[in-house]
2 protein chains.
Amino acid sequence: MQSDIQSDRNFWSVIPAGGAGTRLWPLSRAEKPKFLLPLLGERSLLQQTVDRLTPFSPLERTIIVAGPAHADEIARQVPDLPTENIVIEPSPKGTAPAIGLAAILIHERDPDAVMASFAADHAVQNLEAFGAAIRSAQLAASEGWLTTIGLTPTRPETGYGYIERTEAIASTNTPVPVYVASRFTEKPDFELAEAFISSGRFVWNASMFFWSVDRFIEELAIHQPSLFESLSAIAGAWRSADRADVLQREWSSIESMTVDQGLMEKVSGFAVVPAEMGWSDVGDWHGLGELLEKDDHENSIRAESIVEDVSNSVVYSTTDRLVALIGIDGLVVIDTPDALLLIPRDRSQEVRSIVDQLRESNDDRT
Amino acid sequence: MQSDIQSDRNFWSVIPAGGAGTRLWPLSRAEKPKFLLPLLGERSLLQQTVDRLTPFSPLERTIIVAGPAHADEIARQVPDLPTENIVIEPSPKGTAPAIGLAAILIHERDPDAVMASFAADHAVQNLEAFGAAIRSAQLAASEGWLTTIGLTPTRPETGYGYIERTEAIASTNTPVPVYVASRFTEKPDFELAEAFISSGRFVWNASMFFWSVDRFIEELAIHQPSLFESLSAIAGAWRSADRADVLQREWSSIESMTVDQGLMEKVSGFAVVPAEMGWSDVGDWHGLGELLEKDDHENSIRAESIVEDVSNSVVYSTTDRLVALIGIDGLVVIDTPDALLLIPRDRSQEVRSIVDQLRESNDDRT
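Residues numbered from 1 in each chain as written. Chains lettered and ligands numbered in written order. Predicted model: local features only at pLDDT ≥ 70, side-chain atom pairs only at ≥ 80, totals over all residues. Heavy atoms only, no water.

S.K.: Quick question: what am I supposed to make of the overall build of chain A here?
M.R.: Helix and strand content of chain A: eleven helices and 17 strands. Projected onto its principal axes, the C-alpha coordinates of chain A cover approximately 60 × 50 × 40 Å. Sequence separation of at least 24 residues holds for 68% of the intrachain contacts in chain A that already meet a minimum separation of 6. When the accessible area of chain A is evaluated, it comes to approximately 15200 Å², of which 46% is carbon and sulfur surface. Positive and negative side-chain charges in chain A, numbering 30 and 55 respectively, have mean positions lying 2 Å apart. (Helix = DSSP H or I, 4+ residues; strand = E, 2+ residues; numbered from the N terminus. Contact = heavy atoms within 4.5 Å. Areas by Shrake-Rupley, 256 points an atom, 1.4 Å probe, with all protein chains shown as cover. Lys, Arg positive; Asp, Glu negative; His and termini not counted. Charge placed at Lys NZ, Arg CZ, Asp CG, Glu CD.)

S.K.: Is there a simple way to think about the sheet that holds strand β15 (residues 322-329) of chain B in this case?
M.R.: Where strands meet in a sheet, backbone hydrogen bonds hold them as pairs that are either parallel or antiparallel. Spatial strand order, β12(A)-β14(A)-β16(A)-β17(A)-β15(B)-β13(B): six strands in an open sheet with mixed pairing. Because the sheet does not close on itself, it has two edges, and the strands there are β12 (300-302) of chain A together with β13 (304-311) of chain B. For this sheet the average axis-to-axis angle between neighbouring strands, irrespective of direction, equals 5°. In this sheet, β15 of chain B lies alongside β13 of chain B in parallel orientation, the contact comprising seven bridges. The partner of Val310 of chain B across the bridge, within β15 of chain B, is Ile328 of chain B. (Pairing = 2+ DSSP bridges. Axes fitted to C-alpha atoms, helices over the stretch in contact; angles between N-to-C directions.)

S.K.: Help me understand the side chain of Ser280 of chain A, please; the structure alone is not making it clear to me.
M.R.: All names here are of chain A. Among the secondary structure elements, Ser280 is positioned in strand β11 (residues 279-280). For Ser280, a relative accessible area of 13% gives the class buried. Among the polar contacts made by the side chain of Ser280, one reaches the main-chain amide nitrogen of Val282 at a distance of 2.9 Å. Setting aside chain neighbours within four positions, we find Ser280 in contact with His122, Ala123 and Leu291. (Buried < 20%, exposed > 50% of the residue type's maximum accessible area, 1.4 Å probe, protein only. Polar contact = N/O pair within 3.5 Å; in protein donor to acceptor, adjacent residues only side chain to side chain.)

S.K.: Can you help me understand the interface of chain A and chain B in this one?
M.R.: Where interface size is quoted, it is often the accessible area lost as the parts come together. Counting residues at the interface gives 35 residues for chain A, matched by 35 residues for chain B. Together, Arg321, Ile326 and Leu342 of chain A form the three largest contributors to the area buried by chain A at its contact with chain B, with a combined 25%. Linking Arg365 of chain A and Glu304 of chain B is a salt bridge whose minimum nitrogen-to-oxygen distance equals 2.5 Å. Remark: the boundary between chain A and chain B carries 22 residue pairs in polar contact (both at pLDDT 80 or more). Elements supplying a minimum of two residues to the side of chain A that touches chain B: β13 (304-311), β15 (322-329), β16 (331-335), β17 (339-344) and α11 (351-360) of chain A. Looking at which element gives the most residues to the side of chain A that touches chain B, the answer is β15 of chain A, with seven residues. Split by residue class, the side of chain A that touches chain B holds 19 nonpolar, five polar and eleven charged. (Buried area = accessible area lost by both parts, 1.4 Å probe. Salt bridge = Lys/Arg side-chain N within 4 Å of Asp/Glu carboxyl O. Nonpolar A, V, L, I, M, F, W, Y, C, P; charged D, E, K, R; others polar.)

S.K.: What's the story with the relation of the copies chain A and chain B in this structure? I'm lost.
M.R.: For the pair of chain copies, the relating operation is a rotation around an axis with a shift along it. Between chain A and chain B, the superposition needs a rotation of 180° and an axial shift of 0.0 Å, giving an RMSD of 0.0 Å. Put plainly, the chains are arranged around a two-fold axis. Both copies contact each other with a shared surface, as 100% of the interface residues of chain A are interface residues in chain B too. (Least-squares fit on C-alpha atoms with pLDDT ≥ 70 in both.)

S.K.: Got a minute to help me understand the environment of Leu36 of chain A in this structure?
M.R.: Residues and elements named next belong to chain A. Note that Leu36 resides in the loop between β1 (11-17) and α1 (45-53). With 85 residues separating them in the primary sequence, Leu36 and Asp121 have C-alpha atoms 8.2 Å apart. Setting aside anything within four residues of it in sequence, one finds Leu36 in contact with Ser44, Leu46, His70, Glu73, Ile74 and Gln77.

S.K.: Can you help me understand α11 of chain A in this one?
M.R.: Residues spaced three or four apart along an α-helix face the same direction, because each turn holds 3.6 residues. All names here are of chain A. Taken as a whole, α11 has its buried residues at Val351, Ile354, Val355 and Leu358. Mapping the buried residues of α11 onto a view down its axis gives an arc of 95°, with all of them on the same face. Just beyond α11, the residue with positive phi is Asn362, at close to 55°. (Arc of directions from axis to C-beta.)

S.K.: Mind showing me how you'd approach the packing of aromatic side chains here?
M.R.: Residue and element names in this part refer to chain A. For the coordinates displayed, the defined rule picks out 26 aromatic pairs over all chains. A centroid spacing of 6.1 Å and a plane angle of 15° characterise the contact between Phe11 and Phe210, whose relative ring orientation is stacked. Within this pair, whereas Phe11 is found in strand β1, its partner Phe210 is found in strand β9 (residues 202-212), the two being separated by 199 residues in sequence. In this pair, the class of Phe11 matches that of Phe210, namely buried. Here the aromatic rings of Trp285 and Tyr316 are separated by 5.7 Å at their centres, their planes lie at 50°, and the arrangement is tilted. (Phe/Tyr/Trp six-rings, centres within 6.5 Å; stacked < 30°, edge-to-face > 60°.)

S.K.: Just to check I follow, could you spell out the pairing of strand β2 (residues 62-66) of chain B for this structure?
M.R.: Residue and element names in this part refer to chain B. Most of β2 is tucked away: five of the five residues are buried. In β2, alternate side chains face the same way, and those of Thr62, Ile64 and Ala66 on one face and Ile63 and Val65 on the other are all buried. By the bridge criterion, five bridges tie strand β1 (residues 11-17) to β2 in an arrangement that is parallel. By the bridge assignment, Ala17 is partnered in β2 with Ala66. What joins β1 to β2 is helix α1 (residues 45-53), and the crossover it makes is right-handed. What joins β2 to strand β3 (residues 86-88) is helix α2 (residues 71-77), and the crossover it makes is right-handed. (Right-handed = clockwise from strand over helix to strand, strands pointing away.)

S.K.: Is there a simple way to explain the environment of Glu255 of chain A in this structure?
M.R.: All names here are of chain A. Mapped onto the elements of the fold, Glu255 is located in the loop between α8 (243-253) and α9 (259-264). Measuring from C-alpha to C-alpha, the distance between Glu255 and Lys93 comes to 6.8 Å, with 162 residues separating the pair along the chain. Among all residues touching Glu255, those that are not within four sequence positions of it are Lys93 and Pro97.

S.K.: Quick question: what am I supposed to make of the sheet that holds strand β12 (residues 300-302) of chain B here?
M.R.: Taken together, six strands build an open sheet; the order of strands is β13(A)-β15(A)-β17(B)-β16(B)-β14(B)-β12(B) and the sheet is mixed. A strand with exactly one partner marks an edge of an open sheet, and here the two such strands are β13 of chain A together with β12 of chain B. Put simply, the sheet's adjacent strands are angled 5° from each other on average, direction ignored. In the packing of helix α11 (residues 351-360) of chain B onto the sheet, contacts are made with β13 and β15 of chain A together with β17 (339-344) of chain B, and the angle to β13 of chain A comes to roughly 140°.

S.K.: Just to check I follow, could you spell out the packing of helix α3 (residues 95-109) of chain A against helix α6 (residues 213-223) of chain A for this structure?
M.R.: Helix-helix packing is characterised by the crossing angle of the two axes and by the distance between the axes. Residues and elements named next belong to chain A. The contact between α3 and α6 brings their axes to 10 Å, and the two run at 130°. What the angle tells us is that α3 and α6 run oblique. Relative to α6, the crossing made by α3 is left-handed. For the pair formed by α3 and α6, the contact residues are Ile99, Gly100, Ala103, Ile104, Ile106 and His107 on the first element and Val213, Asp214, Phe216, Ile217 and Leu220 on the second. Each residue belonging to the contact of α3 with α6 can be placed in one class, and the counts come to eight nonpolar, two polar and one charged. (Parallel < 35°, antiparallel > 145°, perpendicular 65-115°, else oblique. Left-handed = near helix turned anticlockwise from the far one by under 90°.)

See below:
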């Protein structure tokens, strides 16, 4: 399927792996967050992300930006990744500092680089559509566009950002069409989201950004000069004995910021590649349930189980216990060695409040 | 409270401990059934039963009849019980053979004995009422009556047996009145159960039977001659080297039978002592929940837990896991090291079908 895809020798992938995945507690924990977990098969979400990208950028051109607590596990899970390609951020500051630092470090190694960023913990089911979108966005980026892949919306989701596309970019000979984007709208209300969807012109922003590193650094220097300065100072000390000191000092002064809001919403124009690739942010237990195989009663069960009169439920166990359920509908049941979670599927988002409570009481089961 | 109760030196207690308590799975297991579990406090239901009875019959006059798999644990839980007072039945055959064998063995040790039988796995909350009923039933029994304690019904339960009382027995000077009973009705339908309750004349049969051993043996010989013969043969060999052989041979030929149906329903007349003693057969998780302390939302929780918007639920854990629940109503959640059960509280009885399935597949978690 991917045999006709040419790997561009200047194309780099950056994977900011900073998210905790709080809503997937009790499986997702501070020391082993969502992206390190094999939620959808034998390999972790990070490994699946890397697997999707290596046909386009081999591991020598893959950078993972992560916290110090996760570096060892990342190296274990992606053993062929060069050590220097794991960039450790002292603390989470959002995607703009993480991706910005990676961009400046890439630029030193490959001034002609075109790079793209991908979340470490999302799922993509249609790899053919994914590949076509990547090649298209990569081409647009290499022609100078700040480019993003936009997902075809499947529901009037109010938790995502939307991007409006306008006319197609005529000059680029891409596998799928690339459009000029007109604006971001972050988390619209339900009515607006419905209007966006029925218009047919809006796509979801999944923070898959493509650009030439040159162009990105230029824009960063213009729109976030303070961040640019800090990152340049860090990059300048990267191969010296001062790296740790400079990194610690500069990083602590950096303001938390996403690439979306810190940069993309400020630039004068960018391109978008609409794609229908079976994407999911695996954002909560309901969403994970949608991605797992279902039985005849719409149950997604990953556990040794006995079920009678059970429907629309998500049952996930990482223990070898027997889970016996009778007369249950629309429930999420998550069974781990030290914590058990029960919550109605349509309240999956509220898992966060449990984690908040545990953190407040300094419980180490977060 | 019990200081005014005189222990009658001929009064014996027999505790047939044969029930499995299948409906309390996954806590109750074949190798550790309900009566051996500390379901309502620090001590097991059997220990609590013994504790209730020792003011009336000390351990030297307490007989526990149980299966071979449970003898060691019973000896551990009731360390001061004389070894010869644990009577081991080779297989469960119902209460008639168990109580019958105990009666014949008691008769040999104490021909003037009055004995009473008590289930090993029931709960009694009002010990004062329990004591008054015991003393009354014991007196009636010592005057020759086959006597039973009847529980004041609290709901039109269709799973129990009912006993109708008629006129009071005038001759007996008892702490509470004793009545002549007219008939047993086993498991009436709902309408009949409601009629029984509104009549005010019916009580529940909880198989608490009192009689002089003499009289009981007479009745057993009349109504169950074959059982009587087998039990006499066993008792005859009890203190000989042949005990094991005779017991094995005779026991295998014995028909399963309860005292209620095999004897009490056949005798020409018996007495009943109505009592309101906060009795429960702890029959299922709903019933156990009723006996545990409840929070402001009618939840009975015995687990380290975080609950939000949870009501009318029973949460019971024997692990040290955190149980987190959001948005749950009327659910039973039982958490054990090797099995987890979720079932609506009003379907608690159906737990049995899970155990049936496990047994069919020779799963050892029963």
